[in-house]
Every structure is written in C-alpha cells, then in structure tokens.
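# Commentary on secondary and tertiary structure
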Amino acid sequence: MPSPFCAVIFDLDGVLADSEPWWNKIDAKLLAEYGVSYRGEYHRNVLGVSYRLAVEFYKNAFHISASVEELMWRRGDIAADFFANRVGLFPSAKTTLAQLREMNLRLAVATSSVSASARPLLDRTEIRSLFSVVVTGDEVQHGKPHPDIYVRAAKKLGISPEACLVIEDSLAGMAAGKAANMRVAAIPDRRFVDPREYDKEGDYVIGSLPEIPDLIRRVNAAASKEHALR
C-alpha cells in the first residue's frame, strides 16, 4: 500500500525559480570566455544535471581546452551573480509553498545548483524560512540523475523516501527521484521540452505548481481509505 505523503522535496531550477531561460544566458557568458558563441542550442542536454556533467558536456561539444574544474568554478561564479540579482520565482511559488505548510507537510529543496547561487535566491525571494531542509549540488558526490541529493534530503528531513514526493522539471531529476525510491511529480516546461517524454518517467505529470496540494490530498485520502479497509 502506498504511503501517504509527509514531505515534498522541490527542485529549484525550473520548478520554483523561473531560471531556465537564464541558464542559457549564464552558459552563453561562460562559453564566450572560451571563444564559443552559444545560443542555447544544447539546453536540453544540460537540463537538470549537475554542474560537472553540464561543463563536461560543453567541454566535449565545443572542444574547450580548460579543465572541468575551471569550467565548474567559472560557471558557479557567473550563476551566483545571476541568482543573487536577476532570477525570480514563478508567480505561484510562494502561495503553493504556504498551502503545503498549512497541510503540515515538511518541505525541502534539493537542487543541482551550488550553494553560492541557490541560497542567495532563496533569501532574496524570502522563501528560505518555508523549508526545513536545503540540499545543494556541492553537498553530494554524485549529482542528478544519481539519487544522492534526494537520499540526503530525506535523511535530513528524517522521513522515509516512500513518504516523500519529489517535484521536478527535468528527466535527469526525475530519474534521481525514482532512484531514491520516491514518487515523482513532473512539471515539464513546455518552452523547452516535449511533455509527452515525461509520461512514462514520472508517477504524476502536472501542469503547474498550484496543482500540487490537490494531488497530495487525493493521494493521501486514497491511502487513508485503503488503510481503513485493511
């Protein structure tokens, strides 16, 4: 019998923060420093993955001689500036988070972004206090699609993976959540991906953040009813 949800673990980029258009600008600035003219043509290849996997892709795709470590450092430095000053939340993010807190759910963020970029955004947008746990990409050895970041988030929450719902926008993030033995709700960003690719990967595919509270109510009500019948 499926467990009722006790916690919701959010990806940050493309789920709470409308950051995906900014990542093309961040990566264009990064690659310009190495003589590459980039217009976001590989956005889907780096969507949701760790900094290391992203820069390894760019290094190979554009034959950049700089080390992966140098590229990771520069990408993180550029991203920190964008996240601290430019990137904003989706309009429904704050109200959805507040509703979930009112439902007595524990909330966490598990993002591939490094702490230097993610935490200033959470502070500037005044949502940091809504989360019990924040896990960033530099806290785990293996980034998404590996499950490490979601496993760490559940441990810090003190909640079993089976009782956690992951909210993701990328296939890599969905794979990470499923590998951590969690159920995953996907919110595909139709500006960048074909939502039909998500149907087989997640447990639920929804259109926007405001759908999450009702989804959890339905699942938890069904779990309670099934438990009562046993």
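Everything in this summary refers to the structure shown in the same document. (Residues numbered from 1 in each chain as written. Predicted model: local features only at pLDDT ≥ 70, side-chain atom pairs only at ≥ 80, totals over all residues. Heavy atoms only, no water.)

## Some thoughts on helix α6 (residues 115-124)
- Within the sequence span of α6, burial applies to Ser117, Ala118, Leu121 and Leu122. For α6, the angular spread of the buried residues around the axis is 120 degrees, confining them to a single face.
- Packed against the buried residues of α6 are α3 (51-62), α4 (68-85), β2 (106-111) and β3 (133-136).
- Looking one or two residues past α6, Glu126 carries a phi angle of roughly 60 degrees, positive in sign. (Buried < 20%, exposed > 50% of the residue type's maximum accessible area, 1.4 Å probe, protein only. Helix = DSSP H or I, 4+ residues; strand = E, 2+ residues; numbered from the N terminus. Arc of directions from axis to C-beta. Contact = heavy atoms within 4.5 Å.)

## Re the pairing of strand β1 (residues 7-10)
- Along β1, one buried face is formed by Ala7 and Ile9 and the opposite face, lined by Val8 and Phe10, is buried too.
- The pairing of β1 with strand β4 (residues 164-168) spans 4 bridges and is classified as parallel. The residue of β4 that forms the bridge with Ile9 is Val166. (Pairing = 2+ DSSP bridges.)

## Quick word on the pairing of β2
- In terms of residue burial, β2 counts as a mostly covered element, since 5 of its 6 residues are buried.
- Sheet analysis places β2 next to β3, joined by 4 bridges and oriented parallel. Each bridged residue has a counterpart across the sheet, and for Ala108 the counterpart in β3 is Val133.
- At this point the chain moves from β2, through α6, to the parallel β3, and the crossover so formed is right-handed. (Right-handed = clockwise from strand over helix to strand, strands pointing away.)

## A look at the pattern of salt bridges
- Enumeration over the complete set of coordinates arrives at 16 salt bridges.
- A salt bridge links Glu33 to Arg74; its shortest N-O distance comes to 2.5 Å. Taken together, the residues Glu33 in the loop between α1 (20-32) and α2 (43-46) and Arg74 in helix α4 connect sequence positions 41 residues apart.
- The partly exposed category is assigned to Glu33, whose relative accessible area is 39%.
- The exposure class assigned to Arg74 is buried, which follows from its relative accessible area of 16%.
- A salt bridge links Glu69 to Arg52, with the shortest nitrogen-to-oxygen separation between them at 3.3 Å. With a gap of 17 residues between them, Glu69 in helix α4 and Arg52 in helix α3 connect regions that are remote in the sequence.
- The class of Glu69 is partly exposed, set by a relative accessible area of 48%.
- Looking at Arg52, the relative accessible area reads 35%, which means it is partly exposed. (Salt bridge = Lys/Arg side-chain N within 4 Å of Asp/Glu carboxyl O.)

## Section: the packing of aromatic side chains
- For the structure shown, the criterion picks out 10 aromatic pairs.
- Consider the rings of Tyr42 and Phe57, whose centres lie 5.2 Å apart with planes at 70 degrees: the pair is edge-to-face. A residue pair is termed long-range when its members are at least 10 positions apart, and Tyr42 in the loop between α1 and α2 and Phe57 in helix α3 qualify at 15 residues.
- On the numbers, 6.3 Å between centres and 25 degrees between planes, the contact of Tyr58 with Phe62 is stacked. Highlighted residues: Tyr58 and Phe62, both in helix α3, separated by 4 residues, approximately one helical turn.
- An aromatic cluster of at least three residues, connected via ring pairs, comprises Tyr38, Tyr42, Phe57, Tyr58 and Phe62.
- Directly above the ring of Tyr51 sits Arg75, whose terminal nitrogen or CZ lies 5.0 Å from the centroid. (Phe/Tyr/Trp six-rings, centres within 6.5 Å; stacked < 30°, edge-to-face > 60°. Lys NZ or Arg CZ within 6 Å of the ring centre and 35° of its normal.)

## Things to note about the environment of Tyr42
- Tyr42 sits in the partly exposed class, given a relative accessible area of 30%.
- In this structure, the C-alpha to C-alpha distance between Tyr42 and Asn24, residues 18 residues apart in sequence, is 8.9 Å.

## What to know about the side chain of Ser117
- Mapped onto the fold, Ser117 is located in helix α6.
- Look at Ser117 and you get buried, because its relative accessible area is 0%.
- Within the structure, Ser117 has its side chain in polar contact with the side chain of Tyr51 (distance 3.5 Å).
- Not counting chain neighbours up to four residues away, the residues in contact with Ser117 comprise Tyr51, Ala79, Ala80 and Phe83. (Polar contact = N/O pair within 3.5 Å; in protein donor to acceptor, adjacent residues only side chain to side chain.)

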